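Each chain is listed here by its residues.
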Amino acid sequence: MNIIYFVPNITIAGGIFRIVSDKMNYLAENMEGRLFLAYYGNGQEKPIYPLHPNIQLLPIDIEALERKLIEYGKI
């Protein structure tokens, strides 16, 4: 089974990311499958809470996407 979670930010302590990181760490140790954590960022951010090595980060770089859309005349 593959599971993807989304949080807006992985660098701010507390809130939803704390709950999601705890749940994902539990799942990484207790289930078969792949876990992905999508978030807004460029891939340079470091998570404020430790994540199991089997959790793959998926940054969504909104600024780069916006630059590409402008470049191609879509916005």
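Residues numbered from 1 in each chain as written. Predicted model: local features only at pLDDT ≥ 70, side-chain atom pairs only at ≥ 80, totals over all residues. Heavy atoms only, no water.

K.L.:
How do you make sense of helix H1 (residues 15-30) when you look at a structure like this?
P.N.:
Spanning 16 residues, H1 covers 24 Å between terminal C-alpha atoms, matching the ideal 22 Å at 1.5 Å per step. The complete set of buried residues in H1 reads Phe17, Val20, Ser21, Met24, Asn25, Leu27 and Ala28. In a view along the axis of H1, the buried residues occupy a sector of 165°, so they form one face of it. Those residues of H1 that are exposed and angled more than 90 degrees off the buried face are Ile19, Tyr26, Glu29 and Asn30. Elements in contact with the buried residues of H1: strand S1 (2-7), strand S2 (34-40) and strand S3 (55-60). (Helix = DSSP H or I, 4+ residues; strand = E, 2+ residues; numbered from the N terminus. Expected span 1.5 Å × (residues − 1). Buried < 20%, exposed > 50% of the residue type's maximum accessible area, 1.4 Å probe, protein only. Arc of directions from axis to C-beta. Contact = heavy atoms within 4.5 Å.)

Purely geometric stuff here, so don't read any function into it on its own.
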